[in-house]
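# An overview of the molecular structure
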Amino acid sequence: MTETFLSEIVGSFAMPAAENPTVAIMEAAFRHHGLDWRYLNCEVSPQKLKAAVDGAAAMGWAGFNCSIPHKIAVIEHIAGLGKSAEIIGAVNTMIAKGDSFVGENTDGRGFVEAISAITDLAGKKVVMFGAGGAARALGVELALAGISELAVVNRSKQRGRDLAALVDSKTPARADYLPWAERFAIPRDAEMVVNATSIGLYPDLEAKLDIDWSSLEGNMLVADGVHNPPNTHLIRSARDKGCTVLDGLGMLVNVCAICIDLWTGVRVEKQVMRDAVINLNG
Ligand code: NDP
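Let me sum up the structure you'll find in this document. (Residues numbered from 1 in each chain as written. Predicted model: local features only at pLDDT ≥ 70, side-chain atom pairs only at ≥ 80, totals over all residues. Heavy atoms only, no water.)

### Description of the overall build of the protein
When its secondary structure is counted, the protein shows nine helices and 12 strands. Its C-alpha atoms put the protein at 60 × 40 × 35 Å along the principal axes. Out of the 282 residues in the protein, the part that is buried amounts to 51%. Of the roughly 13,100 Å² that the protein leaves accessible, carbon and sulfur atoms contribute 51%. Taking the average location of the 26 positive side-chain charges in the protein and that of its 33 negative ones, the two points are 4 Å from each other. (Helix = DSSP H or I, 4+ residues; strand = E, 2+ residues; numbered from the N terminus. Buried < 20%, exposed > 50% of the residue type's maximum accessible area, 1.4 Å probe, protein only. Areas by Shrake-Rupley, 256 points an atom, 1.4 Å probe, with all protein chains shown as cover. Lys, Arg positive; Asp, Glu negative; His and termini not counted. Charge placed at Lys NZ, Arg CZ, Asp CG, Glu CD.)

Structural data, given as structure tokens:
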């Protein structure tokens, strides 16, 4: 029997919210570690975001995640930002502080933690596809973690240029924008290839990056941010070439683990979280 009937509350504000599996991952970790915490997955429209943040503060929530479309908009409703969140200009995790919240971005940190378990990032040359919210977080955190060069390849030129300029000016790494020409050839000296676009995301399971597949070499490390499904066309093709791969579930599980650590101080068992999503996927 628990000693109190007042659980700690965290959750997520997003729209849409129904297909986000984070609640299952978080609750599996809470159960496994005997934490009397609840994670509430809430669909919140942009018009109601301020009311939701104020409501969470009023109810004493310990924190919350924000996903599409609130990662930038929520900043004006909270009290402050962590260091890398300030550079990235977007947040996904709020932590209660006084009567308000401080915003952090764990997307990039989760990715860096997952990839650092496979390789030493120091001095690596990275080619990254995408320049949206996830790409901004990944690019900045990879650069802060010690890679030497980042090539940003993005369909929309302006977004790609902006991200390359941001990383180049605010981190020790060098960053350039490369236009995404038809059948883009991955530079031969690339050591790591990252998909931070939404290509391959459910329901378009067969969507492929428009690249020259013969330029993907077996000695490259290939990572995909898409976690639904984790076995994307890119991950399958890279495995066939003999590349070491990291799927988007590795990133998602690490993102969730860092959130729980920030909220509760507990370093959770990551396999429990990964199993929770795999069970969902059947
Ligand atoms: P955004 O909408 O902010 O950005 C989408 C990116 O994908 C842009 O760079 C966009 O290019 C590009 N893109 C989309 N469709 C195409 C296409 N057909 N051809 C070329 N480029 C395309 O989304 P997010 O950055 O928030 O999310 C991106 C992905 O990252 C999603 O799949 C999301 O699930 C994943 N993610 C995974 C996490 C994890 O823990 N594993 C955490 C957070 C996100 P353009 O600028 O030209 O529009």
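### Structural notes on the nonpolar core
Core analysis: the biggest nonpolar cluster contains 56 residues, and F111, M192 and M273 have the highest contact counts within it. Looking at this core, the element that brings in the most residues is helix α8 (residues 248–264), giving 10 residues. When residues of this core are assigned to domains, at least three fall in each of domain 1 (8–105 + 252–280) and domain 2 (108–246). Excluding residues that lie within four positions of it along the chain, M192 makes contacts with F111, I115, L121, K125, V126, V127, L142 and L221. Formed by 19 residues, the second largest nonpolar core is a distinct cluster that contains V127, A151, A190 and C243. (Core = buried A, V, L, I, M, F, W, Y, C linked by side-chain atoms within 4.5 Å. Domains from an automatic or database assignment. Contact = heavy atoms within 4.5 Å.)

### A short note on the side chain of K124
Mapped onto the fold, K124 is located in the loop between α4 (107–116) and β7 (125–129). No salt bridge is formed by the buried K124; its nearest oppositely charged neighbour, E191, is found at 4.7 Å. Here T119 takes part through its side chain, which lies 3.4 Å from a polar atom of the side chain of K124. The residues touching K124, leaving out its near neighbours within four places in the chain, are T119, I147, S148, E149 and E191. (Salt bridge = Lys/Arg side-chain N within 4 Å of Asp/Glu carboxyl O. Polar contact = N/O pair within 3.5 Å; in protein donor to acceptor, adjacent residues only side chain to side chain.)

### Details of the sheet that holds strand β11 (residues 221–224)
Judged by pairing direction, the sheet is parallel, and its six strands sit side by side in the order β9-β8-β7-β10-β11-β12 without closing on themselves. The open sheet has two edge strands, β9 (174–179) and β12 (244–246), and neither has a second partner. Averaged over all neighbouring strand pairs, the angle between strand axes comes to 20°, with direction disregarded. For strand β10 (residues 192–195) and β11, the ladder comprises four bridges, and the chain directions are parallel. Across the sheet, the residue bridging to M192 is L221, located in β11. In the packing of helix α7 (residues 233–241) onto the sheet, the strands contacted are β10, β11 and β12, and the crossing angle to β11 comes to about 165°. (Pairing = 2+ DSSP bridges. Axes fitted to C-alpha atoms, helices over the stretch in contact; angles between N-to-C directions.)

### What about the packing of aromatic side chains?
Under the defined criterion, the tally for this structure stands at seven aromatic pairs. Relative to W37, the ring of F30 has its centre 6.1 Å away and its plane inclined at 40°; by these criteria the two rings are tilted. The class for W37 is buried, based on a relative accessible area of 11%. By the ring-pair criterion, three or more aromatic residues cluster together here, those being F13, W61, F64 and F101. (Phe/Tyr/Trp six-rings, centres within 6.5 Å; stacked < 30°, edge-to-face > 60°.)

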